[in-house]
Amino acid sequence: QGLRHSGAATAIASGIALGFASLYTKPLADRLANVPDLAALASGLLASPYTYLAIATNVAGLVMLQNSFHWARGIVAMPLSSALSNLVPIVGGMAAFGEHLPADPFAAWMRIGAFLITIVAGAMLAFAHEPEPSPLSPAPAGGGFVSDE
């Protein structure tokens, strides 16, 4: 079962899309931070391409995340999407806006390690094989609850 059929690919794509949505919010917020009034704010929102990019990538990311829940368990899809939706704006912020990791090497490596562990663990869960329920074993009576009677 590869990435496509496990739902992991869709979860990864959703994380990337949601990460770009976060990245598009920074220049939008920077541009609108010092507007003098509500009319200028509304005008700035409508005139900025970042508004439409943020909306489109948020909607696309949400749709992809919901589709990944269809193909994969939430415990697989959510960590992959969440890790990438945080990683993309961090890496994008470093590349586009000149932001940096903490100066302390230990703190910097702890952040890098946390993302790597989350991505690796999510990938391991995506490829873990669960035993299929036997078609001959009946479902528990009472909706899965064990009765004392």
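About the criteria used
Residues numbered from 1 in each chain as written. Predicted model: local features only at pLDDT ≥ 70, side-chain atom pairs only at ≥ 80, totals over all residues. Heavy atoms only, no water. Helix = DSSP H or I, 4+ residues; strand = E, 2+ residues; numbered from the N terminus. Buried < 20%, exposed > 50% of the residue type's maximum accessible area, 1.4 Å probe, protein only. Contact = heavy atoms within 4.5 Å. Areas by Shrake-Rupley, 256 points an atom, 1.4 Å probe, with all protein chains shown as cover. Axes fitted to C-alpha atoms, helices over the stretch in contact; angles between N-to-C directions. Left-handed = near helix turned anticlockwise from the far one by under 90°. Nonpolar A, V, L, I, M, F, W, Y, C, P; charged D, E, K, R; others polar. Salt bridge = Lys/Arg side-chain N within 4 Å of Asp/Glu carboxyl O. pLDDT = per-residue confidence, 0-100. Parallel < 35°, antiparallel > 145°, perpendicular 65-115°, else oblique.

This part takes up the overall build of the protein. Helix and strand counts for the protein come out as 6 helices and 0 strands. Walking the protein from its N terminus toward its C terminus, one meets helices and strands in the order α-α-α-α-α-α. Counting only residues that meet the buried cut, the protein has 26% of its 149 residues in that class. Of the contacts formed within the protein by residues at least 6 apart in sequence, a portion of 73% connects residues at least 24 apart. When the accessible area of the protein is evaluated, it comes to approximately 10000 Å², of which 69% is carbon and sulfur surface.

A few words now on the packing of helix α2 (residues 8–32) against helix α5 (residues 74–97). α5 packs onto α2 with a crossing angle of 35° between their chain directions and a minimal axis gap of 7 Å. In the crossing of α2 with α5, the sense of the turn from one axis to the other is right-handed. Its residues assigned to classes, the contact of α2 with α5 comprises 14 nonpolar, 8 polar and 1 charged.

Attention now goes to the pattern of salt bridges. Under the criterion given, the structure shown has 2 salt bridges. Between Asp30 and Lys26 there is a salt bridge; the shortest N-O distance is 3.3 Å. Pair noted here: Asp30 and Lys26 are both in helix α2, with a separation of 4 residues, about one helical turn. For Asp30, a relative accessible area of 47% gives the class partly exposed. Overall, the relative accessible area of 31% leaves Lys26 in the partly exposed class. The shortest N-O distance in the salt bridge between Glu99 and Lys26 comes to 4.0 Å. Of this pair, Glu99 sits in the loop between α5 and α6 (105–127) while Lys26 sits in helix α2, and the two are 73 residues apart along the sequence.

Attention now moves to the environment of Ala123. In this fold, Ala123 is placed in helix α6. Residue classification places Ala123 among the partly exposed positions, given a relative accessible area of 29%. For the pair formed by Ala123 and Ile12, sequence separation is 111 residues and the distance between their alpha carbons is 9.9 Å.

The next thing to look at is the confidence of the model for the protein. Across the protein, the average pLDDT comes to 82, with 82% of residues at or above 70. Mean pLDDT across the secondary structure elements of the protein bottoms out at helix α1 (residues 3–6), with 63, and peaks at helix α4 (residues 49–71), with 94.

Here α4 crosses α5 at 150°, and the two axes come no closer than 8 Å. One finds that α4 runs roughly antiparallel with respect to α5. The handedness of the crossing between α4 and α5 is right-handed. For the pair α4 and α5, the contacting residues are Leu65, Ser68 and Phe69 in the first and Gly74, Ala77, Met78 and Ser81 in the second. In terms of residue class, the contact of α4 with α5 is built from 4 nonpolar, 3 polar and no charged.

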